[in-house]
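# Close look at the chain arrangement
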Amino acid sequence: MSKYFLRIAVYATIGIVTASCSHHDDEHDHDHDHDGQEMHDEHEHDHDHDHDDEIKLSAEAAKRFGVTVEELKLRPFNEIIVVSGQIVPAAGDQGAISATASGIFTLSPGITVGCKVSAGQTIGTISSKGLQGGDANQAARVELEAARRELERMKPLLNDGIVSQKDYNEAEARVRAAEAAYSGQQSGGVATARVSGVITELTVHSGQFVNTGELVAIVSQNTRMTLRADLPEKYYSFLPKITTANFRPDYAESIFELNNLGGKLLSTPSANGSQGGYIPVYFSFDNRGGIAPGAFAEIYLIGSSRGEVPAVPTEAIVEIEGNHYVYTRVHDDAYTKHLVETGGSDGIYVEITSGLSAGDKVVTSGARIIQMAEVSNIAPPGHSHNH
């Protein structure tokens, strides 16, 4: 929504500037009508020197909308392969929460995926009441009471020789079995977190029946995480070249660099671990905030150095109908558009193979603003100042 309003604001601002300039031009043209043919010829001569391909945007407007410019430079670049993958909690960094009884599970208030919990905190309760077949714990209590009454009844009968010692021993055994079956606790149970962290998965929902020992949730401590990159088998020869990676989670626009997160390649992968045509490549890294375990991600696997190449930030590239363009500033109030060919990308910079020259002043942020200015600079067909 913010981008939508930004676009309206930009068009409105550019439209006002354009209208003001057009009004000024109208007055200017009418003055020429009264100044004679000589002034008219001079105006036509000046117009011949205008650059029709220039995109007009004042320095003040460019600054206001965050347009920045950098000189095109050579940058160190590596071999890159873009793959998909997933962010998963590191081994030993998560705890399972299990049901302590069979019954109907009910989540505690405020418990959702992504919420923080403390060790020992209750995340849900389990009730056996109202289930078909009755409360198993209540039934065990009734059985225990009945076994005890029977044993008490048989004691005097044993002394009188009315019941045998064998029958009495069997009654005692039934009491011990009933005691073992009856927990002596209230019906149902609770599910509690074993470690402090963030709930990353809920495997059951309120109102669902659970069995004793069934998994109900997973808590991740989120301190160390694992990035799994799924490399297609056809890139097997790239495996020994892999050094690090950048990644962008599906839910975010930001690129994370493993080199800035204490990342490291966990082991040298091999084709023997191939799964469904893909070779999993694992990295570990520190979660310093903003990274959700379980999310899928676009991953830029970084290999051997290729030396220095001309490159621009990814946000400098504008795609129009399948073609890639870059804007450059020719002077404070004017820009031009260049069709470019691109090479590899590490998610942060994109290699430019043609279309720009060293020293070009490239619009590195705010390229969309220049694109909108370009559209507003184009006069509608049939537009005329004649009245």
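Residues numbered from 1 in each chain as written. Predicted model: local features only at pLDDT ≥ 70, side-chain atom pairs only at ≥ 80, totals over all residues. Heavy atoms only, no water.

## Overview of the confidence of the model for the chain
Note the cut-off: As a per-residue quantity, pLDDT reports the predictor's confidence and falls between 0 and 100. Helix and strand assignments come from DSSP, with helices taken as H or I runs of at least 4 residues and strands as E runs of at least 2, each series counted from the N terminus. In what follows, residue pairs with any heavy atoms lying within 4.5 Å of each other are defined as contacts.
When pLDDT is averaged along the chain, the result is 79; 76% of the residues meet or exceed 70. Considering each helix and strand of the chain separately, the mean pLDDT is smallest for helix α2 (residues 37-47), with a value of 41, and largest for strand β13 (residues 244-249), with 96. In the predicted structure, residues 15-50 sits below a pLDDT of 50 and forms twelve contacts with residues beyond four places in sequence or in another chain. Here residues 379-387 scores under 50 on pLDDT; set against residues more than four positions off or in separate chains, the count is six contacts.

## Details of the sheet that holds strand β6 (residues 116-117)
Where we set the bar: In this description, strands pair whenever DSSP reports at least two bridges between them.
Within the open sheet, the four strands sit side by side as β4-β11-β9-β6. Their pairing is antiparallel. Two strands in the sheet have a free side with no partner beyond their single neighbour: β4 (94-98) and β6. Here strand β9 (residues 197-202) pairs with strand β11 (residues 215-220) via four bridges, running antiparallel. Within β11, the residue paired with Leu202 across the bridge is Ala217.

## Topic: the nonpolar core
The nonpolar side chains of a soluble globular protein tend to be buried with one another. Here is the rule we go by: Residues grouped as a nonpolar core are buried Ala, Val, Leu, Ile, Met, Phe, Trp, Tyr and Cys residues, joined through side-chain atoms within 4.5 Å. For each residue, the accessible area found with a 1.4 Å probe, counting protein chains only, is set against the maximum for its type, and the residue is called buried under 20%, exposed over 50%, and partly exposed in between.
In this structure, Ile87, Phe247, Phe285, Ile299 and Leu301 are the most contacted members of the largest nonpolar core, which totals 24 residues. Contacts of Phe247, omitting those with residues within four sequence positions, involve Ile87, Leu227, Ser254, Ile255, Phe256, Leu258, Leu261, Phe285, Ile291, Ala297, Glu298 and Ile299. Core analysis: the next-biggest nonpolar cluster, separate from the first, contains 16 residues, Ile97, Ile111, Ala191 and Val216 among them.

## Some details on the packing of aromatic side chains
Rule in force here: We call Phe, Tyr and Trp rings a pair once their centres come within 6.5 Å, taking the six-membered ring for Trp, and we label the pair stacked below 30 degrees between planes, edge-to-face above 60, and tilted otherwise. Whether a charge sits over a ring comes down to the Lys NZ or Arg CZ being within 6 Å of the ring centre and within 35 degrees of the ring normal.
Tallied over the entire structure, the rule returns two aromatic pairs. Seen in terms of ring centroids, Phe247 and Phe285 are 5.4 Å apart; in terms of plane orientation they differ by 45°. Their pairing is tilted. One end of the pair, Phe247, is in strand β13; the other, Phe285, is in strand β16 (residues 278-286), with 38 residues separating them in the sequence. Residue classification places Phe247 among the buried residues on the basis of a relative accessible area of 0%. In this structure Phe285 comes out as buried when scored by relative accessible area, which is 0%. Put simply, the rings of Phe247, Phe256 and Phe285 touch in pairs and so form one group of aromatic residues. Lys337 extends its terminal NZ or CZ atom over the ring of Tyr325, reaching a point 4.7 Å from the ring centre.

## Points about the pairing of strand β17 (residues 296-313)
The side chains of a regular strand alternate between both faces of the sheet. When strand β3 (residues 73-89) meets β17, the two strands line up antiparallel, connected through 13 bridges. Across the sheet, the residue bridging to Ile81 is Leu301, located in β17. Where β13 meets β17, six bridges bridge the pair, whose relative direction is antiparallel. Counted as the bridge partner of Ala245 is Leu301 from β17. Inspection of the sheet shows β17 paired to strand β21 (residues 349-354) by three bridges, in the antiparallel sense. The partner of Pro313 across the bridge, within β21, is Tyr349.

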